[in-house]
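Fold and geometry: a report
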Amino acid sequence: MPLVDRMRPFTSTIFAEMSALAVAHDAINLGQGFPDTDGPASMLAAAVDAINGGDNQYPPGIGVPSLRHAVAEHERDFYGFDLAPDTQVLVTVGATEAISGALLGLVEPGREVVMIEPYYDSYAACVALAGGVRRTVPLVPDGDGFVLDRDALADAFGPNTAAVLVNSPHNPTGTVLSDDDLAEIARLTVEHDVVAITDEVYEHLLFDGREQHPLALLPGMTERTLRISSAAKTFSCTGWKVGWITGPAELVAAARAAKQFLSYVGSGPFQPAVAHALRTEMGWAAQNAAELQRKRTVLAEALASVGFEVHRSEAGYFVCADPRPLGYADGDQFCRELPARVGVAAVPVSAFVDDKESWRHLVRFAFCKRDDVIADAAARLRRL
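Residues numbered from 1 in each chain as written. Predicted model: local features only at pLDDT ≥ 70, side-chain atom pairs only at ≥ 80, totals over all residues. Heavy atoms only, no water.

Describing an aromatic ring pair means giving the distance of the ring centres and the angle of the ring planes. This model, assessed by the stated rule, comprises 15 aromatic pairs. Ring centres 6.1 Å apart and planes at 75° place the aromatic pair tyrosine 120 and tyrosine 123 in the edge-to-face group. The exposure class of tyrosine 120 is partly exposed, given its relative accessible area of 26%. Considering the side-chain rings of phenylalanine 207 and phenylalanine 367, the 6.1 Å spacing of their centres and the 50° angle between planes classify their relative orientation as tilted. Of this pair, phenylalanine 207 sits in the loop between β7 (195-199) and β8 (225-230) while phenylalanine 367 sits in the loop between β14 (363-366) and α14 (371-381); the two residues are 160 residues apart in sequence, bridging distant segments of the chain. Phenylalanine 367 carries the same exposure label as phenylalanine 207, and that label is buried. One aromatic cluster is present, built from ring pairs that chain together Phe15, Tyr120, Tyr123 and Phe352. The ring of phenylalanine 318 has arginine 364 lying over it, and the distance from NZ or CZ to the ring centre is 3.5 Å. Residue placement shows lysine 369 over the ring face of phenylalanine 34; its charged tip is 3.8 Å from the ring centre. (Phe/Tyr/Trp six-rings, centres within 6.5 Å; stacked < 30°, edge-to-face > 60°. Buried < 20%, exposed > 50% of the residue type's maximum accessible area, 1.4 Å probe, protein only. Helix = DSSP H or I, 4+ residues; strand = E, 2+ residues; numbered from the N terminus. Lys NZ or Arg CZ within 6 Å of the ring centre and 35° of its normal.)

Here it is, written out as C-alpha cells:
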C-alpha cells in the first residue's frame, strides 16, 4: 500500500544516509551526534544492579517512581520549579517520543506549530504525524552566531496557531537563545493563548559561562509550557532512550494520552540508573560540559585552519562551518563527497530546513568524540 502523503518526505533520515557513507568509506563519523565514550561509572553500575535485581519487566506507564521524583528534585534544585512527581512528570522513550506525544496530544489536525529553522529533523515528522502544519521562523546571522528573526516570529503566530516548539540550546547551530528572544517568544505565546513545548536536552552542556534559562520561568509561561529533557545528552547515554516531560498536570496528561500508545514504556532497568545519576552525578555532567567546550574549541580551530568560516557554538555537540571559502557552495553535495574524498562524514544543515537556499552552504560537524578521533578528523580535513 502507498505511504500516506504527509509522511512521504520522511522515508529516510540524513543521519542514516551520512552514517552509511561513513561506513562505506571507512570515514570518521562527525555527522551523527553521539559520544564515543560512556557516562558516569556509577550510573552504569546502577543499571547493571537493576538488571541483576530483576527490574526487567514493564515499568509503570508514567515512569518508575524513583526517576519521577529525581526529575522533580532536579527541576526544583536547578530552576525552582515545584512539581508533583505523580502528575507533572512523565518519563518517555527519549526526547523524541516526548515531542511526538506532546504534539499528538495537543495539536489538532490542520492547526499550526511555530518552530525555529533550522530544526531537528524529527520535529517536522512529528508535526506531520499529528496532522499539523509547521510554520518556521529562521535564525539569522549575527556576527559569527545566530539570533531569532523576531519579525518573522511575530508573523508566524496567528488564529490557527496551536503551539510553539522551541529548541534552546539549539541543534544544529549550537545557539543559546538570548533572554530577549525568549521574552518575545513568551509574549507572543501568551498573547495568542497557545502552548509552548521546549526541547532543552542540551540544558547542561552550555559553554563559556552561559546558563540555561527555561522559557517556562518567564511571566505567564509556567502554566502553558511543557519542558522536555533527557539523560542522553546530560549523561552520555544516547542508546538508553530515557527522556521526560514536565509541566502543568493537564498538559502532561495530554502528552501521556498519546505517548502511552506509541511505546507505552521502555528502558525499565535504565530508569533507576538515571535517577541515581540525577541525584549523584551532576558534578560529572559539569565536567563533561567543560570537556565538550574544550573539544568544541579544538575542532573549530582545526576547521578554521583548513579554511572554513566557522560559526560560534554556544552549547551542545555541534559546530557549523561554511565551506564556501574552500570553493564548495553546496553543503549537501560537499557532505556526500566528503567521506570518499578525505574520510570524514558531516551533515548538511539544509537537511533541517524548509528554506533550502538560505542554508544550502552550511555544514554541521559533531565534536562529542574522543580527542584522538577529533585530531585524526582534523588531519584528514586538511587534505581539502
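Let's pick the thread back up.
Our next topic: the pattern of salt bridges. On inspection of all chains with the given rule, the structure shows 30 salt bridges. We note a salt bridge from arginine 370 to aspartate 36, for which the minimum N-O separation is 3.5 Å. Here arginine 370 is found in the loop between β14 and α14, whereas its partner aspartate 36 is found in the loop between β1 (28-29) and α2 (41-52), with 334 residues between them in sequence. Judged by its relative accessible area of 36%, arginine 370 is partly exposed. Residue aspartate 372 pairs with arginine 370 through a salt bridge whose shortest N-O separation is 3.0 Å. One salt-bridge network, held together by shared partners, links Asp144, Asp208, Arg210, Arg296, Arg312 and Glu314. (Salt bridge = Lys/Arg side-chain N within 4 Å of Asp/Glu carboxyl O.)

Among the seven residues of strand β6 (residues 161-167), seven are classified as buried, and the element is accordingly described as predominantly covered. Judged from the four bridges that link them, strand β3 (residues 112-117) and β6 form a sheet pairing that is parallel. Paired with methionine 115 across the two strands is leucine 165, which belongs to β6. Across five bridges, β6 lies against β7 in parallel orientation. When the bridges of β7 are listed, asparagine 167 appears paired with aspartate 199. Tracing the backbone out of β6, into helix α7 (residues 179-191) and back to the parallel element β7 gives a crossover that is right-handed. (Pairing = 2+ DSSP bridges. Right-handed = clockwise from strand over helix to strand, strands pointing away.)

By themselves, these figures tell us nothing about what the structure is for.
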